[in-house]
Amino acid sequence: METIMKPFALAALLLVVTSCTPADISQAQSQLELAIQQRDLNQQVSSLSKLAQYDQQFQQPAQQAKRAQLLLHQAEQQYDQGKFLDAQLSAAQSKALNNSFQIDQLLRELGSRYPLTELINALVQLNDEASRARLSLTSFFHDPLETWSIIDLNKKLSAINQAIAEVKKQMSAVATENRALPAYQETLQIAHDVVVRLQTQQHLLLQHVQQQISHAHLEKFTQLHQSAHDKVRNFTERVVYTMMDKKHKALIRALQHESELLFNVKMTLERVYPKALPMFAPFYDAYVQLLNRPQDYNEYVTSGHHALATLNKALSKDKLSKQYQALTRQPLPLTAKLLAFAESQNKYRFLYRPY
């Protein structure tokens, strides 16, 4: 692996050939000393090339400087072509070989390419261990419904939507004129895929909530509805209400945890992700319709048929747990280039002007 030729190492070489040298070599030595002080890569290449012809000890530093210069030119071309990820990585390689002011100028230009860097950083952060744990829904797919913590469920939903909102915020900050550039196109597509994935995870959880409640309690609701149906055919409303009241109260007490869970999910979605309500609200409304004691059991029986069908429909969703596992088993679509870009930009952040 190539290493940086330190200024003091070059200075030591200069001392070796200081005495009794031709005038042009002395001039090259002086030029190299000044180039090292000024961190001028181009002048270093010129001086070292001359010195390498005179003394083979300068051949390796000359080759290294030329390599740094080549990488600088490559990075500049990539930058002009809008290939900012490639330009950043080429520039970082050049800086690792020679700490020139020319490469710092280009790195500053690349650093001004916010919010591309901020968008990539937001994606990279989602890939770290802490974020994966914070957003994981595995426990809800493994643990029985009655053990679910309503607070934890609300936190998970909020965390997922905060992550979605942060990525979308950085996506929207990208100027329209930059969206056609290769680096932006690649990053924006990955960001879009990440948002879709997070939304899919959340939808799977919401479907799982509905399915678990239906699986555990659809039979109870069906029995209550059938009992009301039988009684309204044979008794007046006042008598039916008296006969059904105790059964209905017992069911309400038995489903207190589920009722609070559904209510909190609905409230959380209204606050952080209202777009999910169209797929969740029908189930919530059906559950409330079947659970709440009505003023008129004739109406309860009539509307209950549709409500029961809604709860039954939730059972038709296949293998939600396996879908979630398959989705999260795949790593986020962050390429090695994106990760290297983010690492490099953050490494040289001290060079960047305020943005």
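For the structure, check the block above.
First, a word on scope: everything that follows refers to the structure included in this document.

Definitions and limits used
- Residues numbered from 1 in each chain as written.
- Predicted model: local features only at pLDDT ≥ 70, side-chain atom pairs only at ≥ 80, totals over all residues.
- Heavy atoms only, no water.
- Helix = DSSP H or I, 4+ residues; strand = E, 2+ residues; numbered from the N terminus.
- Rg over C-alpha atoms; globule rule 2.2 N^0.38 Å.
- Contact = heavy atoms within 4.5 Å.
- Lys, Arg positive; Asp, Glu negative; His and termini not counted.
- Charge placed at Lys NZ, Arg CZ, Asp CG, Glu CD.
- Buried < 20%, exposed > 50% of the residue type's maximum accessible area, 1.4 Å probe, protein only.
- Phe/Tyr/Trp six-rings, centres within 6.5 Å; stacked < 30°, edge-to-face > 60°.
- Axes fitted to C-alpha atoms, helices over the stretch in contact; angles between N-to-C directions.
- Parallel < 35°, antiparallel > 145°, perpendicular 65-115°, else oblique.
- Nonpolar A, V, L, I, M, F, W, Y, C, P; charged D, E, K, R; others polar.
- Salt bridge = Lys/Arg side-chain N within 4 Å of Asp/Glu carboxyl O.
- Left-handed = near helix turned anticlockwise from the far one by under 90°.

## Description of the overall build of the protein chain
- Looking only at helices and strands, the protein chain has 17 helices and 0 strands in total.
- At 34 Å, the protein chain has a C-alpha radius of gyration far larger than the 20 Å of a compact globule built from 355 residues.
- With the C-alpha coordinates of the protein chain rotated into their principal frame, the extents come out at 125 × 35 × 30 Å.
- For the protein chain, restricting intrachain contacts to residue pairs at least 6 apart in sequence, the fraction spanning at least 24 positions comes to 75%.
- Looking at charge distribution, the protein chain has the averaged site of its 38 positive side-chain charges lying 5 Å from that of its 32 negative ones.

## With respect to unusual backbone geometry
- Positive phi values are uncommon outside glycine, yet Arg 39 reaches one of about 55°.
- As for its placement among the helices and strands, Arg 39 is situated in the loop between helix 2 (23–38) and helix 3 (41–54).
- The exposure class assigned to Arg 39 is partly exposed, which follows from its relative accessible area of 28%.
- Even without glycine at this site, Lys 319 takes up a positive phi of about 50°.
- Note on placement: Lys 319 falls in the loop between helix 15 (297–314) and helix 16 (320–329).

## Observations regarding the packing of aromatic side chains
- Applying the stated criterion across every chain, the model contains 8 aromatic pairs.
- Measuring from centroid to centroid gives 5.9 Å for Phe 84 and Tyr 184, while their planes differ by 85°, and the two rings are edge-to-face. In this pair, Phe 84 is assigned in helix 5 (residues 84–97) and Tyr 184 in helix 11 (residues 182–232), connecting sequence segments 100 residues apart.
- Judged by its relative accessible area of 2%, Phe 84 is buried.

## Considerations on the environment of Ala 23
- One can find Ala 23 in helix 2.
- For Ala 23, a relative accessible area of 64% corresponds to the exposed category.
- Considered as a pair, Ala 23 and Leu 70 are 47 residues apart in the sequence and their alpha carbons are 29 Å apart.

## Details of the packing of helix 11 against helix 12 (residues 237–254)
- Where helix 11 contacts helix 12, the two axes come as close as 10 Å, and the packing angle between them is 175°. Between helix 11 and helix 12, the angle falls in the class roughly antiparallel. Residues Lys 220, Phe 221, Leu 224, Ser 227, Ala 228, Lys 231 and Val 232 of helix 11 touch helix 12, and the partners they reach there are Val 240, Met 243, Met 244, Lys 247, His 248 and Leu 251.
- The class makeup of the residues in the contact of helix 11 with helix 12 is 8 nonpolar, 2 polar and 3 charged.

## With respect to the pattern of salt bridges
- Throughout the structure, instances matching the rule amount to 7 salt bridges.
- Between Asp 104 and Arg 39 there is a salt bridge whose closest N-O contact spans 2.4 Å. Of this pair, Asp 104 sits in helix 6 (residues 101–111) while Arg 39 sits in the loop between helix 2 and helix 3; the two residues are 65 residues apart in sequence, bridging distant segments of the chain.
- Note that Arg 349 and Glu 118 form a salt bridge whose closest N and O atoms lie 3.6 Å from each other. Of this pair, Arg 349 sits in the segment after helix 17 (336–347) while Glu 118 sits in helix 7 (residues 116–126); the two residues are 231 residues apart in sequence, bridging distant segments of the chain.
- Three or more residues joined by partner-sharing salt bridges are found here, namely Arg 39, Lys 95 and Asp 104.

## Comments concerning the environment of Pro 333
- Tracing the chain through its elements places Pro 333 in the loop between helix 16 and helix 17.
- Spatially, the C-alpha atom of Pro 333 lies 24 Å from that of Ala 91, the residues being 242 residues apart in sequence.
- Not counting chain neighbours up to four residues away, the residues in contact with Pro 333 comprise Ile 190, Asp 193 and Val 194.

## Regarding the environment of Gln 53
- Note on placement: Gln 53 falls in helix 3.
- A C-alpha to C-alpha distance of 9.6 Å links Gln 53 and Ile 25, two positions 28 residues apart in sequence.

## Considerations on the packing of helix 10 (residues 150–172) against helix 13 (residues 256–272)
- Running from N to C, helix 10 and helix 13 point in directions that differ by 20°, and their axes come no closer than 10 Å. Regarding the angle of helix 10 to helix 13, the classification is roughly parallel. Helix-helix and strand crossings are classified by hand; for helix 10 and helix 13 the assignment is right-handed. Here Ile 150, Leu 153, Asn 154, Leu 157, Ser 158 and Asn 161 of helix 10 lie close against helix 13, whose contacting residues are His 257, Glu 260, Leu 261, Asn 264, Val 265, Thr 268, Arg 271 and Val 272.
- Residues that form the contact of helix 10 with helix 13 fall into these classes: 6 nonpolar, 6 polar and 2 charged.

All we've got here are geometric facts, nothing functional implied.
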